[in-house]
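# Tertiary structure, described
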Amino acid sequence: MNITKTVETIFRRYLPSPFTIAILLTLFTIILALLLTEPLRDENHLLSILSFWEAGIWNNDLLVFAYQMMLILVLGHVLVLSKPANKIIVKLSKNVTSTTSAVILVSITTMLAAFLNWGLGLIFGAILARKVGEYAQQNNIPLNYPLVGAAGYVGLMVWHGGISGSAPIKVAESNHILNFMQGVSTPEILSQIPEHISFNQTIFSWWNLLLFGVLLIVVPLVLKQIAKSTQPTNFNLQTYHFDTHTLEDIEGAEKLDYSKILGVGFGVVLLAAFFYQYWGNLKSLNITPNMLNFFMLSLAIILHKNFSNFLTALEEAIKGTSGILIQFPLYFGIMGIMKSTGMVVMISDFFVSIATETTLPIFTFFSAGLVNIFVPSGGGQWAIQGPIVVESALKLGVPLPKAIMALAYGDQITNMLQPFWALPLLGITKLKAKEILPYTLILMIVGITVYVLGLLLL
């Protein structure tokens, strides 16, 4: 498809790495602040802006936020690399009889996994697509493997509306929004900010679950129709497996690393502490990042059975966090500039001037989709765009849960266009971006239609 080749060319030739983009966005924000804002202190304006930038980079609350988001990705990945998860994936792959059954199976299970945890969904979908390809190859089942790969990526178009979504999980924390908006909003606006916004109002609201349910039906149906009009492809895959260590040739105290009793026992202790500490939150469906990570840590250790396997999986999973580890502070620096120079209020006033209570969520959705192309991180995007969304929503009387979810929907949908988070999937499936883009672009259009109608009608 010509449009696919164009998109691939643009991303490959004209879009630098996410880290370079973060640097360029930082410089662009500094220039905008110099041109559009006045000095707030009796000193050089550029030096003041650089001071705001430095303070944003090392904001303690935001650094905690970065670590929480990284753990959500890493622990979800670690869970998929456990033997029980692998057994489930292998068993699921044996239900495939054609491309049609493959894309339905892969897309539905991947979206369900991504709703629970985006790191889990990303790697689960990738490995399941790979195992489906291996099974079809071994049993001479004709298969359009790139389409199956695209089905394994669809979790990234629903993740931010799920339990591990960066924006909704952070606003569920006590006083997060208030602390987030300090120094941005007036006392009158700050007085309207709730202590927290629980999952009952965002992730587990009837309208978000309805939209997720619609996509859970529509996406497989669209993939099914595409499968009927495509031809099987040729591919040659070796058996994919994740190596774990055995107890052979291990001596002395190192045997403790391989002890199932110690590993599972400690995991059970963690799980008991989790239920003791967070039972009240569970009953009220008030899920926070610490709560989610504590549960996944407990479960990951239990499923890996010993510390050696857990640490091996951790070493593999942590590779995917190198980019966001260094990018997050740069995003926080950008937010520091926008917050302290008054740019947040300026931008929110612009949206207020052109939007209404009905159209603001739509503006938020599309602007979030655009920002995601340049800031391919839900957490980083919340840091930059979150204050603008909150300020604009409060000024126009848009319910905060709806405005926050509009940002979440926009952020996730252009993952079907932005290939950054597809890199782990491409590495596991041995596919190329240009092979899955024709299908993910179609799914992006489907997702945009569903979300825009949902924001307008629900």
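For the structure itself, consult the block above.
An account of the accompanying structure is given in this report. (Residues numbered from 1 in each chain as written. Predicted model: local features only at pLDDT ≥ 70, side-chain atom pairs only at ≥ 80, totals over all residues. Heavy atoms only, no water.)

## Focus: the overall build of the protein chain
Check the secondary structure of the protein chain and you find 22 helices and 0 strands. Relative to the 2.2 N^0.38 estimate, which gives 23 Å for 458 residues, the radius of gyration of the protein chain is 23 Å and therefore close to what a compact globule would have. Residue burial in the protein chain is summarised as follows: out of 458 residues, 55% are buried. Considering only contacts within the protein chain whose residues lie at least 6 apart along the sequence, 81% involve residues at least 24 apart. When the accessible area of the protein chain is evaluated, it comes to approximately 19,900 Å², of which 65% is carbon and sulfur surface. (Helix = DSSP H or I, 4+ residues; strand = E, 2+ residues; numbered from the N terminus. Rg over C-alpha atoms; globule rule 2.2 N^0.38 Å. Buried < 20%, exposed > 50% of the residue type's maximum accessible area, 1.4 Å probe, protein only. Contact = heavy atoms within 4.5 Å. Areas by Shrake-Rupley, 256 points an atom, 1.4 Å probe, with all protein chains shown as cover.)

## What to know about helix α3 (residues 45-57)
Given a rise of 1.5 Å per residue, 13 residues ought to cover 18 Å, and the 19 Å separating the end C-alpha atoms of α3 matches this to within 8%. Restricting attention to buried positions, one finds in α3 the residues His45, Ser48, Ile49, Phe52, Gly56 and Ile57. Lining the buried residues of α3 we find α2 (18-36), α4 (60-80) and α16 (322-341). (Expected span 1.5 Å × (residues − 1).)

## Description of the packing of α4 against helix α14 (residues 289-304)
Two elements in contact, α4 and α14, have axes separated by 9 Å at closest approach and are oriented at 25 degrees. In this view, α4 runs roughly parallel relative to α14, as classed from their interaxial angle. At the point where α4 passes α14, the crossing takes the left-handed sense. Where α4 approaches α14, its residues Gln68, Met69, Leu71, Ile72, Leu75, Gly76, Val78 and Leu79 are matched on the opposing element by Pro289, Asn290, Leu292, Asn293, Met296, Leu297, Leu299, Ala300, Leu303 and His304. Among the residues forming the contact of α4 with α14, the class breakdown is 13 nonpolar, 5 polar and no charged. (Axes fitted to C-alpha atoms, helices over the stretch in contact; angles between N-to-C directions. Parallel < 35°, antiparallel > 145°, perpendicular 65-115°, else oblique. Left-handed = near helix turned anticlockwise from the far one by under 90°. Nonpolar A, V, L, I, M, F, W, Y, C, P; charged D, E, K, R; others polar.)

## As for the environment of alanine 85
Position of alanine 85 among the secondary structure elements: in helix α5 (residues 83-93). On the basis of relative accessibility, which here comes to 14%, the residue alanine 85 falls in the buried class. Taking the C-alpha atoms as reference points, alanine 85 and leucine 303, 218 residues apart in sequence, are found 8.4 Å from one another. Those residues in contact with alanine 85 that lie beyond four places of it in its chain are Leu79 and Val80.

## Notes on the nonpolar core
Core analysis: the largest hydrophobic core is formed by 150 residues, its most contacted members being Met157, Trp382 and Trp421. Sequence-distant contacts of tryptophan 421, that is, excluding residues within four places in its chain, are made with Leu73, Trp118, Leu122, Tyr153, Leu156, Gly320, Ile324, Pro376, Ser377 and Asn415. (Core = buried A, V, L, I, M, F, W, Y, C linked by side-chain atoms within 4.5 Å.)

## Some details on the pattern of salt bridges
Using the criterion set out here, one finds 6 salt bridges in the structure. Note that glutamate 134 is salt-bridged to lysine 131, the shortest N-O span being 3.3 Å. Of the two residues, glutamate 134 and lysine 131 both sit in helix α7 (residues 118-138), 3 residues apart, roughly one turn of that helix. Residue glutamate 173 pairs with lysine 170 through a salt bridge whose shortest N-O separation is 2.6 Å. The exposure class assigned to glutamate 173 is buried, which follows from its relative accessible area of 16%. Where salt bridges share partners, they join Arg130, Lys131 and Glu134 into one cluster. (Salt bridge = Lys/Arg side-chain N within 4 Å of Asp/Glu carboxyl O.)

## Some remarks on a nonpolar patch on the surface
Together, Ile31, Leu34, Leu35, Leu36, Leu46, Leu47, Leu50 and Met346 make up an exposed nonpolar region whose accessible area comes to about 720 Å². Sorting the residues of the nonpolar patch by element identifies α2 and α3 as the ones contributing at least two each. In terms of residues, the nonpolar patch owes the most to one element, α2, which gives 4 residues. The topology assignment puts isoleucine 31 in helix α2. Note on isoleucine 31: relative accessible area 49%, which makes it partly exposed. (Patch = residues over 30% accessible without salt bridge, like charges linked within 9 Å, V, L, I, M, F, W, Y side chains within 5 Å.)

## With respect to unusual backbone geometry
Positive phi values are uncommon outside glycine, yet asparagine 175 reaches one of about 65 degrees. Secondary-structure assignment places asparagine 175 in the loop between α9 (166-171) and α10 (176-181). For asparagine 175, a relative accessible area of 31% translates into the label partly exposed. Phi at leucine 285 is positive, roughly 55 degrees, even though this residue is not glycine. Residue placement: leucine 285 occurs in the loop between α13 (260-283) and α14.

## Things to note about the packing of α16 against helix α19 (residues 378-396)
Viewed as axis vectors pointing N to C, α16 and α19 meet at an angle of 10 degrees, and their least axial separation amounts to 8 Å. As far as their axial angle goes, α19 and α16 are roughly parallel. Together, Phe328, Tyr331, Phe332, Ile334, Met335 and Met338 of α16 and Gly379, Gly380, Ala383, Ile384, Pro387 and Ile388 of α19 make up the contact between the two elements. Grouping the amino acids of the contact of α16 with α19 by side-chain chemistry returns 10 nonpolar, 2 polar and no charged.

## Considerations on the packing of aromatic side chains
All told, the structure shown has 22 aromatic pairs when counted by the stated rule. Consider the rings of phenylalanine 350 and phenylalanine 351, whose centres lie 5.8 Å apart with planes at 65 degrees: the pair is edge-to-face. Taking the relative accessible area as the measure of exposure, phenylalanine 351 reaches 17% and is therefore buried. Taken together, the ring pairs connect Phe274, Phe275, Tyr278, Trp279, Phe294 and Phe295 into an aromatic cluster. (Phe/Tyr/Trp six-rings, centres within 6.5 Å; stacked < 30°, edge-to-face > 60°.)

## Remarks on the side chain of glutamate 391
Residue position: glutamate 391 is located in helix α19. There is a polar contact of 2.4 Å between the side chain of glutamate 391 and the side chain of serine 185. When sequence neighbours within four positions are dropped, the list of residues in contact with glutamate 391 reads Met181, Val184, Ser185, Ile189, Val345 and Ser348. (Polar contact = N/O pair within 3.5 Å; in protein donor to acceptor, adjacent residues only side chain to side chain.)

## Observations regarding α16
Here α16 spans 30 Å end to end across 20 residues, near enough to the 28 Å set by a 1.5 Å rise per residue. In the structure, α16 departs most strongly from a straight axis at phenylalanine 328, where the bend amounts to approximately 25 degrees and where the proline proline 329 lies between one and four residues downstream. The buried fraction of α16 is high, at 15 of 20 residues. Following α16 by one or two positions, glycine 342 has its phi on the positive side, about 90 degrees. (Bend = angle between axes of the 7 residues up to and from the residue.)

Nothing here speaks to function; it is all geometry.
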